[in-house]
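# Overview (structure and organization)
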Amino acid sequence: PLKIITNNQSISDKKVPVIFLMHGYGDNERYFNKFIRNFDEDALIVSMRAPFKFSLISLRFLHNKWFHVDIDWNGNLKEKKSQILRSEKLIIDTITHIQDEYNIDTTKIFIGGFSQGGIMACKLALEHPDVVDGFIVHNTKLPNVYQVRTDKSVYKRLSGLVINGKYDKRINPINSKQIANTFIALGAKIQSKELEIGHEFSKLSIDMINKWMDLDN
């Protein structure tokens, strides 16, 4: 499984929901460190490190990515498919590992991601709706390539929270509408929220996620 940090949720008789978090391009699992204890204390929070490094030059700073991105002659972004598939497998392996190690509520497994991590969260929810019960995506977009299940009824059990920053200059907020519309068309229950922030994950984000978890899940 992937390298992780958690909010040290102790193992007890009470089964708890779990949220798996994925950082953006060029960060690592510590990106959520200053926020991780602000999540609902009854939930297990698992922040995962993307498997691919930018370089081996620096041992002090970890700059990781879920997949490499190239830009073609027309300015279009091209995602490296083999790395996406590898990350996808390792994320699922990590979810299975946490299920084995912690007393979690297997009906409340959520995958969440910011920026590039959000692309991975969308892909997991679209292609493996049987693995997760819901998803949280933040300042992100749909993957360029994905497949959906032939039996669309599997998506009716999914709930999702789509967050965008009103002042995001990296990823156009219109992408959040595309995500929401895609999942709604599949039958998932979606809430879409816009925050007065840019391309960032903030305390406002945590408050929104906690509120959504309390009300809808």
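These numbers were taken from a predicted model, which means no experiment stands behind them.

## A look at the sheet that holds strand E10 (residues 159-165)
A sheet is described by the order of its strands in space; here 7 strands give the open sequence E1-E3-E2-E8-E9-E10-E11, paired in mixed fashion. Unpaired on one side and paired on the other, strand E1 (4-6) and strand E11 (189-195) mark the two borders of the sheet. Along the sheet, successive strands turn relative to each other by an average axial angle of 15°, direction set aside. Two elements, strand E2 (residues 16-22) and strand E8 (residues 104-114), share 6 bridges in a ladder whose sense is parallel. Residue pairing in the sheet places Val 18 in a bridge with Ile 109 of E8. In the packing of helix H2 (residues 116-127) onto the sheet, the strands contacted are E2, E8 and strand E9 (134-138), and the crossing angle to E8 comes to about 140°. Lying on the sheet, helix H3 (residues 174-186) is in contact with E9, E10 and E11; it crosses E10 at an angle near 170°.

## Concerning the environment of Lys 65
Along the chain, Lys 65 falls in strand E5 (residues 64-65). Judged by relative accessible area, Lys 65 falls into the buried class, the value being 9%. With sequence-adjacent residues up to four places away left out, Lys 65 is seen in contact with Tyr 25, Ala 50, Pro 51, Phe 52, Lys 53, Phe 54 and Gln 116. A distance of 3.2 Å separates polar atoms of two side chains, one belonging to Lys 65 and the other to His 68.

## Focus on the pattern of salt bridges
Within this structure, the stated rule accounts for 8 salt bridges. Put simply, Glu 79 and Lys 141 hold a salt bridge, and the shortest N to O gap is 3.3 Å. On the criterion of sequence distance, the pair formed by Glu 79 in strand E7 (residues 77-79) and Lys 141 in the loop between E9 and E10 is long-range, its members being 62 residues apart. The burial state of Glu 79 is the same as that of Lys 141; both residues are buried. In this structure, the salt-bridge partner of Lys 89 is Asp 93, at a minimum N-O distance of 2.8 Å. Of this pair, Lys 89 and Asp 93 both sit in helix H1 (residues 81-101), 4 residues apart, which is roughly one turn of the helix. Given the relative accessible area of 29%, Asp 93 is considered partly exposed.

## Some remarks on the nonpolar core
With 40 residues, the main nonpolar core has Phe 20, Met 48, Trp 66, Ile 91, Ile 111 and Phe 183 as its most contacted residues. Listed by contribution, the elements that provide at least two residues to this core are E2, strand E3 (44-48), H1, E8, H2, E9 and H3. Looking at this core element by element, the count peaks at 7 residues for H2. Beyond its immediate sequence surroundings of up to four residues, Met 48 is in contact with Leu 2, Lys 3, Ile 4, Phe 20, Leu 21, Met 22, His 23, Glu 29, Trp 66, Ile 91, Thr 94 and Ile 111.

## What to know about the packing of aromatic side chains
Throughout the structure, instances matching the rule amount to 6 aromatic pairs. Here the aromatic rings of Phe 35 and Phe 201 are separated by 5.4 Å at their centres, their planes lie at 65°, and the arrangement is edge-to-face. Linking Phe 35 in the loop between E2 and E3 with Phe 201 in the loop between E11 and helix H4 (203-216), this pair joins segments that are 166 residues apart in sequence. Taking 4.3 Å as the distance between ring centres and 35° as the angle between the ring planes, the aromatic pair formed by Phe 135 and Phe 183 counts as tilted. Placement of the pair is Phe 135 in strand E9 and Phe 183 in helix H3, with a sequence separation of 48 residues. Assigned by exposure class, Phe 135 and Phe 183 land together as buried.

## Quick look at the pairing of E11
Across 7 bridges, E10 lies against E11 in parallel orientation. Within E11, the residue paired with Leu 161 across the bridge is Gln 191. With respect to chirality, the unit in which E10 leads through H3 into the neighbouring parallel E11 is right-handed.

Calculation notes
Residues numbered from 1 in each chain as written. Predicted model: local features only at pLDDT ≥ 70, side-chain atom pairs only at ≥ 80, totals over all residues. Heavy atoms only, no water. Pairing = 2+ DSSP bridges. Helix = DSSP H or I, 4+ residues; strand = E, 2+ residues; numbered from the N terminus. Axes fitted to C-alpha atoms, helices over the stretch in contact; angles between N-to-C directions. Contact = heavy atoms within 4.5 Å. Buried < 20%, exposed > 50% of the residue type's maximum accessible area, 1.4 Å probe, protein only. Polar contact = N/O pair within 3.5 Å; in protein donor to acceptor, adjacent residues only side chain to side chain. Salt bridge = Lys/Arg side-chain N within 4 Å of Asp/Glu carboxyl O. Core = buried A, V, L, I, M, F, W, Y, C linked by side-chain atoms within 4.5 Å. Phe/Tyr/Trp six-rings, centres within 6.5 Å; stacked < 30°, edge-to-face > 60°. Right-handed = clockwise from strand over helix to strand, strands pointing away.

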